[in-house]
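# Notes for the structure review
Residues per chain, in single letters:
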Amino acid sequence: MGKRSKKYTEAVSKIEKGKVYTKEEAVKLVKETSTSSFDGSVEVAMRLNLDTKKADQQLRGAIVLPKGTGKTKKVLVIAKGEKANQAKEAGADYVGDVDMLEKIEKENWFDFDTMIATPDMMPLLGKLGKVLGPKGLMPNPKTGTVTMDVAKAVDEVKAGRVEYRTDSFGNIHGVIGKVSFSEEDLLANLDAFVGQILRIKPATVKGDYVKNISITSTMGPGIKVENSFDK
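A brief look at the structure comes next. Quick caveat: nothing in here was measured; it's all calculated off a predicted structure. (Residues numbered from 1 in each chain as written. Predicted model: local features only at pLDDT ≥ 70, side-chain atom pairs only at ≥ 80, totals over all residues. Heavy atoms only, no water.)

On to the sheet that holds strand β5 (residues 114-117). The strand order across the open sheet formed by three strands is β4-β3-β5, and the pairing between neighbours is parallel. Here the strands that pair on one side only, and so sit at the sheet edges, are β4 (94-96) and β5. Across the sheet, the mean angle from the axis of one strand to that of its neighbour is 15°, orientation sign disregarded. Pairing geometry for strand β3 (residues 75-78) and β5, over four bridges, is parallel. Each bridged residue has a counterpart across the sheet, and for Leu 76 the counterpart in β5 is Met 115. (Pairing = 2+ DSSP bridges. Helix = DSSP H or I, 4+ residues; strand = E, 2+ residues; numbered from the N terminus. Axes fitted to C-alpha atoms, helices over the stretch in contact; angles between N-to-C directions.)

Grouped together as the largest cluster of nonpolar side chains are 36 residues, with contacts concentrated most on Val 44, Met 46, Leu 48, Phe 193, Tyr 209 and Ile 215. Looking at this core, the elements that each hand over two or more residues are α2 (23-32), β1 (41-48), β6 (161-165), β7 (171-178), α8 (183-199), β8 (210-217) and β9 (223-225). Ranked by residue count, the leading element in this core is α8, at eight residues. Apart from the residues lying within four places of it in its own chain, the contact partners of Phe 193 are Val 44, Met 46, Ile 63, Leu 65, Val 162, Tyr 164, Ile 172, His 173, Gly 174 and Ile 176. (Core = buried A, V, L, I, M, F, W, Y, C linked by side-chain atoms within 4.5 Å. Buried < 20%, exposed > 50% of the residue type's maximum accessible area, 1.4 Å probe, protein only. Contact = heavy atoms within 4.5 Å.)

Here the focus is the layout of surface pockets. It is a probe the size of a water molecule, rolled over the atoms, that shows where empty space is left. Its boundaries defined by the atoms lining it, the largest pocket holds a volume of some 620 Å³. For the lining of the largest pocket, the per-class residue count stands at seven nonpolar, 10 polar and nine charged. (1 Å grid on protein atoms, 1.4 Å probe; cavity = no way out; pocket = protein on both sides within 12 Å on 5 of 7 lines; lining within 4 Å. Points joined across faces, edges and corners; volume = space filled by probe spheres on them. Nonpolar A, V, L, I, M, F, W, Y, C, P; charged D, E, K, R; others polar.)

Below, the structure written as structure tokens:
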């Protein structure tokens, strides 16, 4: 492992080894221990007691953060007719059907962050699964990106909607804002994200559901957070 920078070492020194902080203390510390020269993102990581071999313990979904993510997302909507018009009116950056799918396939075009599609367009998207899947861009009903209500979906993405899904070890990660956010705004987003994960606890989970929670800034050290969140 390469040598840590002086800035990172100083940041780590502000965190007491092994200590679990209140969410208020953690949010204050995550701003103080940011080491990037740019406005870094703040992420939450939750280690959950899940057996992801069981279908009902594979969590996936999306949440609109009350204070947004601090990032403006470009939205592509795959729809026809009236639904395409609704998407344009809602502020989608790109709207189309076969033309847009051909652009992705032939030009390797990915100038968007989120793809939304109406259910009738999904068969056409099938052949792009191998390209869109690994990039996390394939629309999915569980995350609200396969829907007839395209206007609502566009509004939510623009308002600060983040997707989450468990990895094979039962961990969930999510962006909850930027280092430049106020402590109050980061706290509101952290409460919303963790609260959502607590609400969708599978009924088949035995024992403690949440093993640990931590937050970190881009290139900053991790800070352990007490599980004092309401569902």
